[in-house]
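Read off the chains here:
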Amino acid sequence: MGKTVDLAGVAVDNVSLNEAAEIVRQFVIEGKPRLVVTPNPEMIVAAQEDEELQAIINGADLRVADGISLVVVSRILGHPLKERVSGIDLMLKLLAIGADYNYRVFLLGGAPGIAEAAASRIKQKYPGLNLVGTHDGYFAAGDESAVIKKIRAARPDLLFAGLGAGRQERWLNQHLAELGATVGLAVGGSFDVLSGRKRRAPRWVRALCLEWLYRLVTEPQRWQRQLALPKFLYLTLVKPLIAA
Ligand code: UDP
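Residues numbered from 1 in each chain as written. Predicted model: local features only at pLDDT ≥ 70, side-chain atom pairs only at ≥ 80, totals over all residues. Heavy atoms only, no water.

Peer 1: How would you sum up the site of the ligand? Please name residues and give values.
Peer 2: Looking at the ligand, there are 16 residues lining it, with G110, G137, A165, R167 and D192 nearest. For the ligand, an oxygen atom lies 2.9 Å from a polar atom in the side chain of R167. Summarising the interface, the protein chains cover 79% of the accessible area of the ligand, which totals 550 Å² for the free molecule. Split into classes, the residues belonging to the shell around the ligand amount to 4 nonpolar, 7 polar and 5 charged. (Near = heavy atom within 4 Å. Polar contact = N/O pair within 3.5 Å; in protein donor to acceptor, adjacent residues only side chain to side chain. Areas by Shrake-Rupley, 256 points an atom, 1.4 Å probe, with all protein chains shown as cover. Nonpolar A, V, L, I, M, F, W, Y, C, P; charged D, E, K, R; others polar.)

Spelled out as structure tokens, the structure:
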């Protein structure tokens, strides 16, 4: 694996999308429980005041840079990350690989019905994939052990969890061993896109690295979350200069 880049105390692995997918493929072969996280500016900002989240990200088996700003900052700091590797791009790549290798895949998260809708679209696109189960991400604490049992019985190679940033990392970290899944991957709102409920930015917008702007315009309710971006830039670029 390439080197790790430190961004405001959060470790990010310097891997391309293809390298990240290959690492996960090796994780599946090895068969030990592994955690894959997708830190973005919001999570890095949250980790400043959340030691547990910071420790979970830093202790994860693979941490990919989910945001062009991470790549830009890493370049300015002189430790350039190869590229942005978003949760959904990694997921799509792994679904394609999983179709060839007949991976067992479980989708956990999203509003009721979303993971099922995502699963049925995924099945159409990747008939070779073995989709072994879905569950929504709004289960009550009292239902948690039933959810764990369901996943355990399904024995997934890949467990994609879209339970919201922070919660999904904590949940996977806490339960991975008892879940019986090989690789747990925190993928945020990916099921919303895969189900067709939400649209991703058009390809040309993504090519211009403006997906964040597209989301700001199409989901204005997110503007408060996008305030994480200037905070992230301050933490990584300005604060170290002041401290020096
Ligand atoms: N979500 C969930 N359970 C919760 C909170 C959120 O399943 O208790 C889901 C939500 O339905 C959505 C996703 O988590 O599908 C959003 O995650 P996040 O905000 O991290 O995603 P982003 O939009 O940043 O990719």
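Peer 1: Residue-level account of the side chain of E211, with values.
Peer 2: Here E211 lies in helix α11 (residues 211-218). With a relative accessible area of 9%, E211 lands in the buried category. Side chain to side chain, E211 and R200 meet in a polar contact 2.9 Å long. (Helix = DSSP H or I, 4+ residues; strand = E, 2+ residues; numbered from the N terminus. Buried < 20%, exposed > 50% of the residue type's maximum accessible area, 1.4 Å probe, protein only.)

Peer 1: Give me the lowdown on the packing of aromatic side chains, citing residues and values where you can.
Peer 2: Going through the model one piece at a time under the given rule, you end up with 2 aromatic pairs. Ring centres of F139 and W171 lie 5.8 Å apart, and the angle between their planes is 65 degrees; on these two criteria the pair is classed as edge-to-face. You can see F139 sitting in the loop between β6 (130-135) and α7 (144-154) and its partner W171 sitting in helix α8 (residues 167-179), a full 32 residues away along the chain. Classification of F139 as buried rests on a relative accessible area of 10%. Using a relative accessible area of 5% as the deciding quantity, one classes W171 as buried. Taking the ring centre of F139 as reference, the NZ or CZ of R167 above it sits at 5.0 Å. (Phe/Tyr/Trp six-rings, centres within 6.5 Å; stacked < 30°, edge-to-face > 60°. Lys NZ or Arg CZ within 6 Å of the ring centre and 35° of its normal.)

Peer 1: Quick one: what's the story with the environment of H135, residue by residue and with numbers?
Peer 2: Mapped onto the elements, H135 comes out in strand β6. A relative accessible area of 19% places H135 in the buried class. The spacing of H135 and E116 is 19 residues in sequence and 7.7 Å in space, taken between C-alpha atoms. Not counting residues within four places of it along the chain, the set of residues in contact with H135 comprises F106, L107, L108, G109, A115, V147 and K150. (Contact = heavy atoms within 4.5 Å.)

Peer 1: Residue-level account of the sheet that holds strand β3 (residues 34-37), with values.
Peer 2: With parallel pairing, the 6 strands of this open sheet are ordered in space as β4-β3-β8-β7-β5-β6. Taken across any chain shown, the strands that pair with only one partner, and hence form the sheet edges, are β4 (62-63) and β6. Where strand β7 (residues 158-162) meets strand β8 (residues 183-186), 4 bridges bridge the pair, whose relative direction is parallel. In the strand pairing of β8, F160 is matched with L185. Against the sheet, helix α5 (residues 87-101) contacts β3, β5 (104-109), β7 and β8, and its axis sits at roughly 155 degrees relative to β7. (Pairing = 2+ DSSP bridges. Axes fitted to C-alpha atoms, helices over the stretch in contact; angles between N-to-C directions.)

Peer 1: Describe the environment of E219, listing the residues and the values that go with them.
Peer 2: Along the chain, the position of E219 falls in the loop between α11 and α12 (223-226). On the basis of relative accessible area, E219 is assigned to the buried category, the value being 10%. Along the backbone, E219 and G128 are 91 residues apart, and their C-alpha atoms lie at a distance of 34 Å.

Peer 1: So, the pairing of β7: which residues are in play, and what are the values?
Peer 2: Counted residue by residue, β7 has 5 buried out of 5 residues, so it is predominantly covered. Sheet topology note: the β5/β7 ladder contains 5 bridges and is parallel. Along β7, the bridge assignment pairs V105 with L158. Crossover β7 to β8 through α8 is right-handed. (Right-handed = clockwise from strand over helix to strand, strands pointing away.)

Peer 1: An account of the pairing of strand β1 (residues 4-7) is needed here, citing residue identities and associated values.
Peer 2: One face of the sheet, then the other: side chains in a regular strand alternate in exactly this way. The two faces of β1 differ: V5 and L7 on one face are buried, but T4 and D6 on the other face are not. Both β1 and strand β2 (residues 10-13) contribute to a ladder of 4 bridges, which runs antiparallel. In the sheet register, L7 faces β2, and the bridge partner there is V10. The turn joining β1 and β2, which pair antiparallel and follow one another in sequence, is formed by 2 residues; a positive phi near 50 degrees is taken by A8.

Peer 1: Pulling in residues and values, what's your account of the packing of helix α2 (residues 41-48) against helix α13 (residues 228-243)?
Peer 2: Where α2 meets α13, the closest approach of the two axes is 8 Å, and the angle between their N-to-C directions is 65 degrees. Read as a crossing pair, α2 and α13 show a hand that is left-handed. Of α13, the residues touching α2 (which contributes P41, E42, I44, V45 and Q48) are A228, L229, K231, F232 and L235. Its residues placed into classes, the contact of α2 with α13 shows 7 nonpolar, 1 polar and 2 charged. (Left-handed = near helix turned anticlockwise from the far one by under 90°.)

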